[in-house]
Amino acid sequence: MSLELFLLLAAALFSIGLFGALTQQSVVMLMMGFELMLGGVIVGAAAAWHYIAPAAADGQVLVVLAVTVMAVEMSIGFAVVTALFRARDIDMTDMAAELKE
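One structure accompanies this document, and this report is about it. (Residues numbered from 1 in each chain as written. Predicted model: local features only at pLDDT ≥ 70, side-chain atom pairs only at ≥ 80, totals over all residues. Heavy atoms only, no water.)

### Observations concerning the environment of P54
Part 1: Within the secondary structure, P54 is located in the loop between α2 (27-52) and α3 (58-88).
Part 2: C-alpha separation for the pair P54 and A21, spaced 33 residues apart in sequence, amounts to 33 Å. (Helix = DSSP H or I, 4+ residues; strand = E, 2+ residues; numbered from the N terminus.)

Here it is as structure tokens:
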């Protein structure tokens, strides 16, 4: 496969995630949109590093680190959403905005 196809896949993932993040009001769906956006960035970065320097392990290590950080961030985010839902029955972003006051 060529670099262009990988970058097209990355752009498609990022676009779908951006659309999901901008149009959804559910907190879980919003987080899923962010997850798709990060996945697109990681696919694009991994493809670029593979085609620019295939023998160097620096890009692979950075991609593994980014995937690990993404997994930790999502698990913490889902824990916060679960705690909000159990404590105050909040599952939409409009209701969560009232917590600032």
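Moving on from the coordinates now.
### Here's the deal with helix α1 (residues 3-23)
In an α-helix, one turn spans 3.6 residues, which is why side chains three or four residues apart end up on the same side.
Part 1: With 21 residues, α1 extends 30 Å between its outermost C-alpha atoms, agreeing within 8% with the 30 Å of an ideal straight helix rising 1.5 Å per residue.
Part 2: Those residues of α1 that fall on the buried side of the exposure criterion are A10, G17, G20 and A21. On an axial view of α1, the arc spanned by its buried residues comes to 100°, and they lie on one face. Along α1, exposed side chains directed more than 90 degrees from the buried face belong to E4, L8, I16, F19 and L22.
Part 3: Against α2 lie the buried residues of α1. (Expected span 1.5 Å × (residues − 1). Buried < 20%, exposed > 50% of the residue type's maximum accessible area, 1.4 Å probe, protein only. Arc of directions from axis to C-beta. Contact = heavy atoms within 4.5 Å.)

### Observations concerning the packing of aromatic side chains
Part 1: Tallied over the entire structure, the rule returns one aromatic pair.
Part 2: For the ring pair F6 and Y51, a centre distance of 6.4 Å and an interplane angle of 50° mean the geometry is tilted. You can see F6 sitting in helix α1 and its partner Y51 sitting in helix α2, a full 45 residues away along the chain.
Part 3: According to the relative accessible area criterion, F6 is partly exposed, its value standing at 27%.
Part 4: You can call Y51 partly exposed: its relative accessible area is 36%. (Phe/Tyr/Trp six-rings, centres within 6.5 Å; stacked < 30°, edge-to-face > 60°.)

Treat this as a map of the structure, not an account of what it does.
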